[in-house]
Structure formats: structure tokens, C-alpha cells
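In case you want the letters, here they are:
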Amino acid sequence: MAKAFFRLQKFLRRTQFLLFFLTAAYLMAGSLLLLQRSRLVIQQGSRGTSANQALPASGVMAGVSIGVDTKTMQNPRASARLLEGTDALAESALEQRHSPRWLMSRNSELRQLRRRWFHRFIHEEQPAHMRGSNGIERAAEGKGTYIGCFSDDSRERTLKGAVFYDLRKMTVSHCQEACAERAYAYAGLEYGAECYCGNRLPSTASRPEECNSECKGQRGSVCGGVNRLSVYRVEEPRAAARPRRNVIYRGCFRAPENLTDTFPASLIQPNLTVEMCSEFCSKKEFPLAVIRGPECYCGYPTRRFTLHDGAEGPRCPQLHSGSGAGAVAAGTHCLVYQTPVQDTRCTDRKFLTTKSKVFVALSSFPGAGNTWARHLIEHATGYYTGSYYFDGTLYNKGFKGEKDHWRSRRTICVKTHESGKTEIEMFDSAILLIRNPYKSLVAEFNRKYAGHLGYATDRNWKSKEWPDFVNSYASWWASHVLDWLKYGKRLLIIHYEDLKQSLIPTLREMVEFLNMTVTEDRLLCVENNRDGNFKRSGTKQKGFEPFTPEMKDLINSYILTVDEALRKRNFTGLPREYVPR
């Protein structure tokens, strides 16, 4: 009997182990299958997401920012605080604006955004598929000629022209086209996602196998390596097919006393044209082409030549055109043009070498220009900015602080749209960026339906989403400012309009608040690259008025409330263009 019991016990132990093993294998297989199917659904959904889901169309889905939609869950609380402290706001409007139906729709939207962000993040973190003796086989791509693998140094770039990032879709042809559009002769790719342009071939060659990083946008293509550039010669199109260079007229200015000392390159050419001078300066890798009679000068904006005081009028007779027309200026004045070359004196950025002792927020309502302000701060200081959220599109375009934990203190400041006592008191100080609510609401609605650089369609504006959006977000604009005024420990108030109109003085004030010092030439470089890649593309409707009289009354009441709160705290009130007259 004992022997039989012993055999039964031994059998049960083996069975228990076998069942445990089978259960674990089943769960692992199910998890892998579920993840694979989820990725497939996400990929299919990105091709055809409806407007009712509050997601942008395909191709710009990456522009969705988790941070903005996280706010909608806190918006009712923030609005309630605003209404509680202001007698002018009605409680009935609060109940209608923050009904359970409104909350459910936004919570559903938030879950979808988080789900998409998770799968997007997992996809980006997966290692590239490596094959071949040196990891990747170089695929012949684009019309350029592959030159070879060359060394690069982040402190002294091998190719000193324009710089582009796409940490998700970079390809060899994409880099070549970007460099060709800006009149560069060579295109170099590094780390699988970085593109550098230049007109001078690198001198230090490396072993071919050291360029082993796969391009993020296409398997089988080489995009450099760690401190290694895969360099291509950009094919020069035929004269008949050559695209017109994007040359921008900057104005007429008084010429410096000594032009040859101010500008490092020059050319004297009878019958000089704008196109001749621009081509010459582009090949020399300078962003400015300066013309005085038959003389062409190339260089940068500097303290000797700031481009701040234009002198248009009878002293500057001219025909400024990029199509080959002649260009003439008086002896004491010169004509200035922006070439397609990027001013790279302020494009180098890095993380802080030691943790910051002061935790600084860059706070704003969505649509108030936070991304543009980050662009200016990063290029002025040379350090990355962080973010309370994760936006894959911004990370892909070079904002590497997006993936750094927002509390790491390795960034110069941290973007946030948060409000509320707990969220605000986490920071030691803050730059509070305020923009006209009418412009902010339009900008955020465009971002919501067309990404960072697009415009919402006429159908979006005429849908019921727009009135609901204004009713909920307008109160958030006001409560955001009021909360930061109430709980912020040390604030610098910056108005978007002041930053746009007086960029260098306002940016210098922001940099000093961050306890940084920068040179005047670097600030001038930032001014020369002021727009970055953040101007919206597409057709903007002229004379379009999306706000009804009822909407204007609501927004105007919030404007007056915020203006009064700013003045009570001894800050400058809102610009006159905000306040209804």
C-alpha cells in the first residue's frame, strides 16, 4: 500500500511540474501572439483613423502628444478651481462643460493615444535586424554616388553644413534630397538617423565595416555608425532640371566700414546677379549672401553686421530677384539674401554633464509655442530641453530630451502643460509662456487634427468638435495661468508675442533666468534660424473666423480675469492685443 502511494505521489509531482511548464509556455506564446496582433492593428489603424477618434490622419500620427491629452483629464479640476476663485464665471456652464459624456469621450481618446504611444515606443526600441559580415549590406539607393566611410567628431563636425534628424524614417535618399535642396555637394549619414550636409569632402577615411548602422527608415541600407559617416556625393541635376534655390531677401542695410574684415569670403563679378552670389556663398557654406554693386560677400550675422536696422528707401535702388535679375545698391548700402545653407554655429546640443541643482519648468497652455521656445532655448544654450511627456515626432526631429526621464535633471528645463498645486510645486522655478488664447486655441486644434505642422480641414472646423473644444479648453487656458501664479515658487512671465517681435532681448532674459551665459554671435545665429522646422505647411484659410460671438464673450471674460491676476502679482499685464476693446 505504501509503495503504491509513493508511486502515486511521484507521478503527481511530475504531473505538477509538467502542468506548470505547459502553462508557462502557453502564456508566453499567447503574449507574443497578442503583441504581434496588436502591432498589426496599430499599423492598420494608422492608415485610416477617423476624425471622430480625435487623431490626426495617416502620415502625421506621430505628431500626437500624450501630454496635451493628459490635460483633458485634469481640465475639469483646473476649471473648477478657476470658477471657484472668480465670481464672473457661472456654475451652470461648468456642469455642462464637464459632463460625464465629455469626460468619457476624452478618457477614451487618452486610452487610444497611450496604446499607440506604447507600441510606437516598443517599435523604436527594438534592435535593427543585422545581417552580413559587417552587420548590414549597403543598398544602392538614391541617385548619388557612395564615397566611403569617414570618421566624425561631435565637437568638430566633418560635414559643417545643415543638420537633419529623423530617428524613425531616415533613408539615404531622404538625406541626399535634403542636402541637394540646400545646394550641398555631399550628404553624410550617422547613427542610422542623422543627416549632415557639406561641400567639402572629409579627409579622414575609416574602414568600411565601421559604418554598420542600419538606416531607421529602410532595412539593408547603411547610415553610418558610431562617430562614423557614410558619405555620398549628391548628384547635381542638369541645368534645365535644376530646382530654383530657396533664396530669401532679408533687406537693404548699411554696409560695414570694412567689408573684407566682416565677411570671410568675397567675389567680384561684372553683371553680378543674386543667383550668382547665392550659388557662390552656398558652395562656401555661408548662410548670407551680401551684394554691393559687382561685389559679392559671404558670411554670418555678427555684432558688426546684425541685420537689425534696415534702410529701405531711395538709398537702396534695387532689383532683388532670385531668377538672375541684376542687383544694385548704393555705395554705402548693400543687399542681403538668405542662402539655402543653414547657420550651424548654434546647432550643437548635449545633455548637462552634471545634474542641475535647480529644477526649471517651461510651462504653457497647449498651442502657446512651447516647442518653438524649446528650439530657441536649445540652440541658444547648447543644451537639450526635457519634457513631462513623450512625443515621438519631436524626438525624431532632434529633441532628444523627449526620451530622457523628465526628472533626470540632465536637461536645461522641462516642458509641461500641467497645472495644479502638486504638479507645480515639484519645480523650483518656471518660465511661464503665455499666448493670446484665440491664437492658442486655433493652434492646438490644428495640432490635434493635423499634427505639429499641418492645418485642420474645413470639415473639422464645421464639426461639433470645435464648439466643444472651445468650451473646455478656453477655461483651461485661464486656469493654467492662475494656478502657476498661485503655486509657482519663482516665475518668469514670457509673452509669446514679445518673443516673436523682440526675439534677442526676450531670449536673453530667458537664458539669464536659466543661469546661463551665451555669446552675442550665438544669439544672432539663433535669430537667423529662428523658425527652425516648426512653420505649418499647407494652405491657410484667409479671412477665416472660427469664433462665434458666444465664444468671444466666454474667452474675453477669461482674458480679463488673467490680466487682473497678473497685475495683482506685480507682473506686466497681458499685451493690449489680448484685451477686448
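In the nomenclature of an unreviewed UniProt entry, the chain corresponds to WSCD1 protein from the organism Crypturellus undulatus. The record in UniProt for the chain states the following under Sequence similarities (unreviewed entry): "Belongs to the WSCD family."

A.B. asks: What exactly am I supposed to notice about the overall build of the chain here?
C.D. replies: When helices and strands are tallied, the chain shows 17 helices and 15 strands. Of all 581 residues assigned to the chain, the portion counted as buried reaches 50%. Contacts in the chain between residues at least 24 apart in sequence constitute 76% of all its contacts with a sequence separation of at least 6.

A.B. asks: Would you mind going over helix α17 (residues 549–568) with me for this structure?
C.D. replies: Helical geometry: 3.6 residues make up each α-helical turn, so side chains three or four residues apart lie on a common side. Taking 1.5 Å of rise per residue, the 20 residues of α17 would be expected to cover 28 Å, and the 29 Å separating its terminal C-alpha atoms lies within 8% of that figure. Considered for burial, the residues of α17 that qualify are Met551, Leu554, Ile555, Asn556, Tyr558, Ile559, Thr561, Val562, Asp563, Ala565 and Leu566. Once α17 finishes, asparagine 570 follows within two positions and takes phi at roughly 65°, a positive value.

A.B. asks: Explain the sheet that holds strand β7 (residues 265–268) to me, please; I cannot follow it from the model alone.
C.D. replies: Whether parallel or antiparallel, the strands of a sheet pair through hydrogen bonds between backbone atoms. As summarised here, the arrangement of the 5 strands in space is β6-β10-β8-β9-β7, forming an open sheet in which the pairing is antiparallel. Strands with a single pairing partner mark the edges of an open sheet, and in this sheet they are β6 (248–254) and β7. When the angles between neighbouring strand axes are averaged without regard to direction, this sheet yields 20°. In the sheet, strand β8 (residues 288–292) pairs with strand β9 (residues 295–299) via 5 bridges, with the strands oriented antiparallel. Within β9, the residue paired with arginine 292 across the bridge is glutamate 295.

A.B. asks: What exactly am I supposed to notice about the packing of helix α8 (residues 370–381) against helix α16 (residues 520–528) here?
C.D. replies: Any two packed helices are characterised by how steeply their axes cross, that is the angle between the axes, and by the distance between the axes. The contact between α8 and α16 brings their axes to 9 Å, and the two run at 150°. By the criterion of interaxial angle, the relationship of α8 to α16 is roughly antiparallel. The two elements α8 and α16 meet at a crossing, and its hand is right-handed. Across the interface between the two elements, Leu376, Glu378, His379, Ala380 and Thr381 from α8 touch Arg522, Leu523 and Val526 from α16.

A.B. asks: Honestly, helix α7 (residues 274–283) in this entry has me stumped. Any pointers?
C.D. replies: The element α7 is largely enclosed, with a buried count of 7 among its 10 residues. When we look at burial in α7, the residues that qualify are Val274, Cys277, Ser278, Glu279, Phe280, Cys281 and Ser282. As for α7, its buried residues are in contact with β7, β8, β9 and β10 (333–338). Positive phi shows up at glutamate 285, right after α7, with a value of about 65°.

A.B. asks: What's the story with the pattern of salt bridges in this structure? I'm lost.
C.D. replies: Any two side chains of opposite charge can pair if their charged atoms end up close together. As enumerated under the stated definition, the model contains 18 salt bridges in all. The salt bridge involving arginine 522 is made with aspartate 348; its shortest N-O contact spans 3.3 Å. Linking arginine 522 in helix α16 with aspartate 348 in the loop between β10 and β11 (360–364), this pair joins segments that are 174 residues apart in sequence. The partner of aspartate 428 in a salt bridge is arginine 409, and the shortest N-O contact between them spans 4.0 Å. Here aspartate 428, found in the loop between α10 (421–425) and β14 (429–434), pairs with arginine 409, found in the loop between α9 (392–396) and β13 (414–416); they are 19 residues apart in sequence, far enough to count as distant. You can call arginine 409 partly exposed: its relative accessible area is 26%. Put simply, Arg207, Glu209, Glu210 and Arg228 are held in one network by salt bridges that share partners.

The rules behind these values
- Residues numbered from 1 in each chain as written.
- Predicted model: local features only at pLDDT ≥ 70, side-chain atom pairs only at ≥ 80, totals over all residues.
- Heavy atoms only, no water.
- UniProt positions renumbered as here; feature names shortened; annotations may be inferred.
- Helix = DSSP H or I, 4+ residues; strand = E, 2+ residues; numbered from the N terminus.
- Buried < 20%, exposed > 50% of the residue type's maximum accessible area, 1.4 Å probe, protein only.
- Contact = heavy atoms within 4.5 Å.
- Expected span 1.5 Å × (residues − 1).
- Pairing = 2+ DSSP bridges.
- Axes fitted to C-alpha atoms, helices over the stretch in contact; angles between N-to-C directions.
- Parallel < 35°, antiparallel > 145°, perpendicular 65-115°, else oblique.
- Left-handed = near helix turned anticlockwise from the far one by under 90°.
- Salt bridge = Lys/Arg side-chain N within 4 Å of Asp/Glu carboxyl O.

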